[in-house]
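What follows is each chain in one-letter form.
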Amino acid sequence: SATATAWAAPTILRFAPTSRSSATCRRWTRRRSGCQLFSEPGAGSDLATLATRAVRDGDEWIVDGQKVWTTMAHVARWAILVARTDPSLPKHQGLSYFVCDMTDPGVDVRPLRQITGEAEFNEVFLSGVRIPDTDRLGAVGEGWKVATTTLMNERVTIGAHAAEREDGLIGAVTKTWRERPELRTPGLHDRLLRLWVDAEALRLTAERLRQGLAAGQPGPEGSAAKLTFATLNQAITGLDVELHGEEGLSYKDWTMRRPKDADWASRDAGFRYLRMKGNSIEGGTSEILRNIIADRIMQLPKEPRGDVDIPWKDLPR
Ligand SMILES: Cc1cc2nc3c(=O)[nH]c(=O)nc-3n(C[C@H](O)[C@H](O)[C@H](O)COP(=O)(O)OP(=O)(O)OC[C@H]3O[C@@H](n4cnc5c(N)ncnc54)[C@H](O)[C@@H]3O)c2cc1C
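Residues numbered from 1 in each chain as written. Predicted model: local features only at pLDDT ≥ 70, side-chain atom pairs only at ≥ 80, totals over all residues. Heavy atoms only, no water.

## Concerning the overall build of the protein chain
Stage number 1. A count of helices and strands for the protein chain gives nine helices and eight strands.
Stage number 2. Taken over the C-alpha trace, the protein chain has a radius of gyration of 21 Å; the compact-globule value for 317 residues is 20 Å, and the two agree within 12%.
Stage number 3. If you line up the protein chain on its principal axes, its C-alpha atoms span 70 × 45 × 40 Å.
Stage number 4. Contacts spanning at least 24 positions in sequence make up 75% of the contacts within the protein chain whose residues lie at least 6 apart.
Stage number 5. Entry remark: accessible area of the protein chain is about 15,500 Å², with carbon and sulfur atoms responsible for 54%.
Stage number 6. Counting 44 positive and 42 negative side-chain charges, the protein chain places the averaged centre of each group 3 Å from the other. (Helix = DSSP H or I, 4+ residues; strand = E, 2+ residues; numbered from the N terminus. Rg over C-alpha atoms; globule rule 2.2 N^0.38 Å. Contact = heavy atoms within 4.5 Å. Areas by Shrake-Rupley, 256 points an atom, 1.4 Å probe, with all protein chains shown as cover. Lys, Arg positive; Asp, Glu negative; His and termini not counted. Charge placed at Lys NZ, Arg CZ, Asp CG, Glu CD.)

Here it is, written out as structure tokens:
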């Protein structure tokens with residue numbers, strides 16, 4: 001899965017102790033299906049407020065809590081997990097980062113049905129899950145730093161993945177335009193051309209970004225790529241539905257499925273339109289990405305935050 005190879009693997013390589021990193025990375029990413037246990041019912045955009053607890057017990061940690069929106073948890077063999085190890089510290093400081101075995105008896109995965117009708121993601125309940133300390137990444141209390149590495153890799157992967165010209169969604173709508181001339185209208189032609197140019201500009205910018213990153217860890221630039229990716233995908237799939245006319249509006253299949261991978265481009269226009277709504281939420285909402293761009297790239301004044309120095313246990317919830 002993308003979680004395993006594109007954003008968990010670089011995190012494992014960077015934060016597992018050098019003597020263990022390649023072995024840990026091999027051990028987990030060999031079982032390719034991984035998932036990401038970050039978001040919680042009370043902690044999404046403000047991930048650092050998360051409440052899942054990990055309590056040390058000898059050479060192990062015991063984890064209790066609830067995660068939500070966990071993509072592909074139903075097929076995942078393992079997970080990357082952020083949990084609170086010290087509630088007496090401010091929210092960013094009391095977190096630690098683990099690799100969790102999804103076959104542990106304390107892991108309960110339940111489907112969450114999406115706007116598409118399918119259940120690609122899940123809620124995950126963790127009750128007394130035991131994680132060996134050797135599966136901790138980074139120092140105890142360093143979880144926020146480790147999670148930031150994962151999120152930056154995730155945003156680059158989502159927004160700036162390698163693609164051929166006319167790959168993916170722009171390819172699907174362009175193919176329909178070419179193959180079904182009876183659907184064409186002059187207004188849609190103009191919009192299609194603009195989106196084609198935007199898609200090509202994003203593809204080439206992504207190529208440049210990936211080359212720039214090849215030498216090091218990604219910075220906040222991936223947020224800009226991911227923001228553009230989401231905006232563009234929603235515009236393309238809106239055009240796609242309009243192009244298909246009545247056919248685009250009829251949503252034929254509402255079967256509750258549990259997909260095993262994310263294959264969007266081969267689906268029909270109605271599915272693509274609904275699924276892409278999630279693009280501006282998953283991996284960080286577009287509002288949060290704009291905040292990151294304003295703060296870290298444009299160096300504008302930071303958003304006022306009154307809770308960063310208060311012990312997490314004293315924050316109002
Ligand atoms: C398809 C999909 C797959 C996902 N997969 C995973 C996964 O595998 N693992 C995982 O851990 N999570 C996953 N998520 C969860 C995702 O990361 C969160 O939904 C996201 O971070 C937003 O959190 P939230 O849903 O709690 O919304 P909230 O944080 O409650 O935000 C609600 C609204 O308020 C806005 N908002 C919040 N704070 C600010 C602010 N400071 N400034 C401006 N606006 C703000 C947000 O932009 C949003 O519009 C997935 C989500 C989707 C849609």
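## Quick word on helix 3 (residues 143-159)
Stage number 1. The end-to-end C-alpha distance of helix 3, which contains 17 residues, comes to 24 Å, matching closely the 24 Å that a straight helix rising 1.5 Å per residue would cover.
Stage number 2. Most of helix 3 sits out of view: 13 of its 17 residues are buried. (Expected span 1.5 Å × (residues − 1). Buried < 20%, exposed > 50% of the residue type's maximum accessible area, 1.4 Å probe, protein only.)

## Brief notes about the site of the ligand
Stage number 1. Lining the immediate surroundings of the ligand are 18 residues, of which Ser 45, Trp 69, Thr 71, Thr 285 and Glu 287 lie closest.
Stage number 2. Take Glu 303: an N or O atom from its side chain is 3.4 Å from a nitrogen atom of the ligand.
Stage number 3. If one sorts the elements of the shell around the ligand by residue count, helix 9 (residues 286-297) sits on top with three residues.
Stage number 4. When grouped by side-chain class, the residues that make up the shell around the ligand number five nonpolar, nine polar and four charged.
Stage number 5. Counting only domains with at least three residues in the shell around the ligand, you end up with domain 1 (2-143) and domain 2 (153-297). (Near = heavy atom within 4 Å. Polar contact = N/O pair within 3.5 Å; in protein donor to acceptor, adjacent residues only side chain to side chain. Nonpolar A, V, L, I, M, F, W, Y, C, P; charged D, E, K, R; others polar. Domains from an automatic or database assignment.)

## As for the pattern of salt bridges
Opposite charge on two side chains permits them to pair, given that their charged atoms come into close proximity.
Stage number 1. Throughout the structure, instances matching the rule amount to 27 salt bridges.
Stage number 2. Linking Glu 179 and Lys 175 is a salt bridge whose minimum nitrogen-to-oxygen distance equals 3.5 Å. Taken together, the residues Glu 179 and Lys 175, both in helix 4 (residues 168-179) and four residues apart, mark about one turn of the helix. (Salt bridge = Lys/Arg side-chain N within 4 Å of Asp/Glu carboxyl O.)

## Here we look at unusual backbone geometry
Stage number 1. Residues other than glycine seldom take positive phi values, yet Trp 69 does so here, at roughly 60°.
Stage number 2. By the secondary structure assignment, Trp 69 is in the loop between strand 3 (60-68) and strand 4 (78-84).
Stage number 3. One non-glycine residue, Gln 299, adopts positive backbone phi at about 60°.
Stage number 4. The residue Gln 299 is located in the segment after helix 9 in this model.
Stage number 5. On the basis of relative accessibility, which here comes to 61%, the residue Gln 299 falls in the exposed class.

## Quick word on the nonpolar core
Stage number 1. Among the nonpolar cores identified, the biggest contains 20 residues, and Phe 38, Leu 50, Ile 80, Val 82, Tyr 97 and Leu 137 are the most heavily contacted of them.
Stage number 2. Counting only elements with at least two residues in this core, the list comes to helix 1 (2-15), strand 4, strand 5 (95-101) and helix 3.
Stage number 3. In terms of residue count, helix 1 provides more of this core than any other element does, four residues in total.
Stage number 4. Ignoring sequence-local partners within four residues, the contact set of Leu 137 consists of Thr 11, Ile 12, Phe 15, Ala 16, Tyr 97, Val 99 and Val 146. (Core = buried A, V, L, I, M, F, W, Y, C linked by side-chain atoms within 4.5 Å.)

## A short note on the environment of Pro 220
Stage number 1. As for its position among the elements, Pro 220 is in the loop between helix 5 (186-213) and helix 6 (221-244).
Stage number 2. Judged by its relative accessible area of 11%, Pro 220 is buried.
Stage number 3. Once the C-alpha coordinates of Pro 220 and Ile 293 are considered, the two residues, 73 residues apart in sequence, prove to be 7.0 Å apart.
Stage number 4. In contact with Pro 220, other than residues within four places in its own chain, are Met 152, Ile 292, Arg 296 and Ile 297.

## Some points on the domain arrangement of the protein chain
Stage number 1. By domain assignment, the protein chain separates into domain 1 (2-143) and domain 2 (153-297).
Stage number 2. Taking only C-alpha atoms into account, the centre of domain 1 sits 28 Å from that of domain 2.
Stage number 3. Counting residues at the interface gives 21 residues for domain 1 and 21 residues for domain 2.
Stage number 4. Buried area between domain 1 and domain 2, both sides added, is near 1,900 Å², and the carbon and sulfur share of it is 56%.
Stage number 5. The largest per-residue losses of area from domain 1 upon contact with domain 2 belong to Trp 7, Thr 116 and Glu 118, which jointly make up 31% of the total buried on that side. (Buried area = accessible area lost by both parts, 1.4 Å probe.)

## Points about the packing of helix 6 against helix 8 (residues 269-276)
Stage number 1. Packing of helix 6 against helix 8 leaves a shortest axis separation of 9 Å and a crossing angle of 150°. Of the possible angle classes, the one that applies to helix 6 and helix 8 is roughly antiparallel. The element helix 6 and its partner helix 8 pack so that their crossing is left-handed. Contact residues: Asn 233, Gln 234, Thr 237, Gly 238, Asp 240, Val 241 and His 244 in helix 6; Ala 269, Arg 272, Tyr 273 and Met 276 in helix 8.
Stage number 2. In terms of residue class, the contact of helix 6 with helix 8 is made up of four nonpolar, five polar and two charged. (Axes fitted to C-alpha atoms, helices over the stretch in contact; angles between N-to-C directions. Parallel < 35°, antiparallel > 145°, perpendicular 65-115°, else oblique. Left-handed = near helix turned anticlockwise from the far one by under 90°.)

## Points about a nonpolar patch on the surface
Stage number 1. Together, Ile 297, Met 298 and Leu 300 give the surface a local cluster of nonpolar side chains, amounting to about 270 Å² of exposed area.
Stage number 2. Judged by relative accessible area, Met 298 falls into the exposed class, the value being 52%. (Patch = residues over 30% accessible without salt bridge, like charges linked within 9 Å, V, L, I, M, F, W, Y side chains within 5 Å.)

## Considering the state of the cysteines
Stage number 1. Evaluated as defined, the whole model comprises zero disulfides.
Stage number 2. You can see Cys 35 has no disulfide; the closest cysteine sulfur is in Cys 100, sitting 7.9 Å from it.
Stage number 3. In this structure Cys 35 comes out as buried when scored by relative accessible area, which is 0%.
Stage number 4. Using a relative accessible area of 1% as the deciding quantity, one classes Cys 100 as buried. (Disulfide = S-S within 2.5 Å.)

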